[in-house]
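The residues making up each chain are set out below.
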Amino acid sequence: GAVVSQHPSWVICKSGTSVKIECRSLDFQATTMFWYRQFPKQSLMLMATSNEGSKATYEQGVEKDKFLINHASLTLSTLTVTSAHPEDSSFYICSSGRAPDTQYFGPGTRLTVL
Amino acid sequence: KQEVTQIPAALSVPEGENLVLNCSFTDSAIYNLQWFRQDPGKGLTSLLLIQSSQREQTSGRLNASLDKSSGRSTLYIAASQPGDSATYLCAVATQGGSEKLVFGKGTKLTVNP
C-alpha cells in the first residue's frame, strides 16, 4: 500500500524557536496533503490543506503566519511552526491519498516546546 | 458544522469478548465514514471505509455498520484479543470533499488477557 512518511518523529525545542516537519508521499504523487493536529485526549483537528504549487488553505482559527506550509513538489509538504510556544506542543499528522476515498496517514510528529 | 461523537470514551474487556463501539455524527450529508485504529504515539491505520450508499463493511473480525439517516455507525469486534488494544477513531468525510475528515475523540480499548 501507499506510504506516507514524516520527519522527525519527535522533536523537543525551546520556546521561540521554529520547527519544520516534513511529510512525504513515498510511492505516489500527492497534489494535496492535509495537516492535522491532535492534543492529548482530543480529536484530530484539520489545520490546513496543502496544495502543490499554490497557497495552502487554512481552517478557521489556525494562524497562517504561525504555521507555514510549503508544498513545493508532488511528494513533499512541510509544516513550519514559527516561534513555537508550549501551547503548540501537540501531535502533528499529515495525510494524503491517491484517490478521494483513500487517505494514508503519516506516523505523526510529537512536538514538545519547553 | 459536522460534529462526531464516540462513546464510550474508554472500554476495558476480557479477552474473547465481543464488543461494540459507537459513533454518531450530526450532519447526515456525508460522503463516507471510516474507522481507524491508532496505537499510542503512532499514526492512523484505516480499518474500514463505508460509502454513504452502503450499510456495512466487514474485514476479518471487524464489522462496521452505517445508518446515515440517523447519523450513527457502529464498529463490532468479534472475539477480542489483547492485540486489539488501541484507540479507535471514527471519521466522516463531508459530501463534495471526501479528503477532509472530521474525527471523533476516539474510544480507548483495552483487552485484558
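Placed above this text is the structure.
This is a predicted model, so every value here is computed, not measured.

### A few points about the state of the cysteines
Then, number 1: Going through the model one piece at a time under the given rule, you end up with 2 disulfides over all chains.
Then, number 2: A disulfide bridge connects A:Cys23 with A:Cys94, and the sulfur atoms are separated by 2.0 Å. Taking the sign of the S-S torsion, about 85° here, the bridge from A:Cys23 to A:Cys94 comes out right-handed. Taken together, the residues A:Cys23 in strand β3 (residues 19–25) and A:Cys94 in strand β9 (residues 90–99) connect sequence positions 71 residues apart. Across this residue pair, the class does not change: A:Cys23 and A:Cys94 are buried.
Then, number 3: There is a disulfide in this structure between B:Cys23 and B:Cys90, and the S-S distance comes to 2.0 Å. A torsion of -65° about the S-S bond marks the disulfide between B:Cys23 and B:Cys90 as left-handed. Note that B:Cys23 is positioned in strand β3 (residues 19–25) and B:Cys90 in strand β9 (residues 86–94), a separation of 67 residues in sequence.
Then, number 4: In this structure B:Cys23 comes out as buried when scored by relative accessible area, which is 3%.
Then, number 5: Judged by its relative accessible area of 0%, B:Cys90 is buried.

### Observations concerning the environment of A:Lys20
Residues and elements named next belong to chain A.
Then, number 1: Its location among the elements puts Lys20 in strand β3.
Then, number 2: As a C-alpha pair, Lys20 and Phe67 span 47 residues in sequence and 9.6 Å in three-dimensional space.
Then, number 3: The residues touching Lys20, leaving out its near neighbours within four places in the chain, are His7, Pro8, Thr78, Leu79 and Thr80.

### Side note on unusual backbone geometry
Then, number 1: The peptide bond linking A:His7 to A:Pro8 adopts the cis configuration, its omega dihedral lying at 0°.
Then, number 2: Examined against the element boundaries, A:Pro8 turns out to sit in the loop between β1 (4–7) and β2 (10–13).
Then, number 3: In this structure, the amide linkage connecting B:Ile7 to the following residue, B:Pro8, adopts the cis form with an omega of -5°.
Then, number 4: Considering the arrangement of structural elements, one finds B:Pro8 in the loop between β1 (4–7) and β2 (10–14).
Then, number 5: Backbone geometry places A:Ser83, a non-glycine residue, at a positive phi of 45°.
Then, number 6: Turning to its location among the elements, A:Ser83 is positioned in the loop between β8 (76–81) and β9.
Then, number 7: For A:Ser83, a relative accessible area of 33% gives the class partly exposed.

Conventions we followed
- Residues numbered from 1 in each chain as written.
- Chains lettered and ligands numbered in written order.
- Predicted model: local features only at pLDDT ≥ 70, side-chain atom pairs only at ≥ 80, totals over all residues.
- Heavy atoms only, no water.
- Disulfide = S-S within 2.5 Å.
- Helix = DSSP H or I, 4+ residues; strand = E, 2+ residues; numbered from the N terminus.
- Buried < 20%, exposed > 50% of the residue type's maximum accessible area, 1.4 Å probe, protein only.
- Contact = heavy atoms within 4.5 Å.

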